[in-house]
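# Commentary on secondary and tertiary structure
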Amino acid sequence: MKAVRMRRLSPVTLMAAVRAVVEAGTGKACVSDPDGRDAPFFGMELVGSAPKKSKSMRLDEFTVYIHAFAPPSPSQAGLLDLVQEVEEALEATVELPAPFALVGQDEDGIIQIKRDESGEWHAVIAYRITVSYGLIVK
């Protein structure tokens, strides 16, 4: 009998689902390529994915960075408002297509805050998204 490989969630599908939640919750664009855009907006980056151990489920854990870009200003206040907007937006559940199930959606905090060469403020917020793609049957 030939073994059947379980289908895993495509990173493209995951990123589209995250983008939808961020844009719906903030009303601002969330893009994968921030070049040439005027702030304020959000960018996103898939940093990695790895299987996660579980006794009963087949899991993948994705690490996603959300980048917040604020217009040039003397203080970080505008940027911190954007960080709060994305944090509040991602309190909503990321909706995944069947047969996948969201198991965890955790914020790992602000990774970096800096001022870019253009004078724009830039923050990176990390999220871990854990997805089940099947049950383990023994």
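Structural data are supplied above this passage.
Described below are features of the structure shown in this document. These numbers come from a predicted model, not from an experiment. (Residues numbered from 1 in each chain as written. Predicted model: local features only at pLDDT ≥ 70, side-chain atom pairs only at ≥ 80, totals over all residues. Heavy atoms only, no water.)

### Structural notes on the pattern of salt bridges
This is how it is decided: Salt bridge, as used here: a side-chain nitrogen of Lys or Arg that lies within 4 Å of a carboxyl oxygen of Asp or Glu. The numbering of helices and of strands both runs from the N terminus, where a helix is a DSSP run of H or I of at least 4 residues and a strand a run of E of at least 2.
Enumeration over the complete set of coordinates arrives at 7 salt bridges. Close ionic contact of Arg128 with Glu61 constitutes a salt bridge, the shortest N to O distance being 3.7 Å. Separated by 67 residues along the polypeptide, Arg128 in strand S5 (residues 121-135) and Glu61 in strand S3 (residues 57-70) bring together distant segments of the chain. Of the charged contacts in the structure, one is a salt bridge between Arg128 and Asp106, with a shortest N-O distance of 3.8 Å. On the criterion of sequence distance, the pair formed by Arg128 in strand S5 and Asp106 in strand S4 (residues 101-115) is long-range, its members being 22 residues apart.

### Brief notes about the environment of Asp116
Formally: Contact criterion: two residues are considered in contact whenever any of their non-hydrogen atoms come within 4.5 Å of each other.
Note that Asp116 resides in the loop between S4 and S5. Through-space distance from the C-alpha of Asp116 to that of Phe69 is 9.4 Å; in sequence the pair is 47 residues apart. Ignoring sequence-local partners within four residues, the contact set of Asp116 consists of Phe69 and His122.

### Comments concerning the nonpolar core
How we decide: Residues belong to one nonpolar core when they are buried, are Ala, Val, Leu, Ile, Met, Phe, Trp, Tyr or Cys, and are joined through side-chain atoms within 4.5 Å. Per-residue accessibility, obtained with a 1.4 Å probe over protein chains only, is compared with the maximum for each type, and a residue is labelled buried under 20%, exposed over 50%, and partly exposed between these values.
With 30 residues, the main nonpolar core has Leu14, Val22, Phe42, Ile66, Leu90 and Leu96 as its most contacted residues. With 7 residues, the single largest contributor to this core is S5. When residues no more than four places from it in sequence are discounted, the contact partners of Leu96 are Leu9, Leu14, Ala17, Ala101, Leu102 and Val131.

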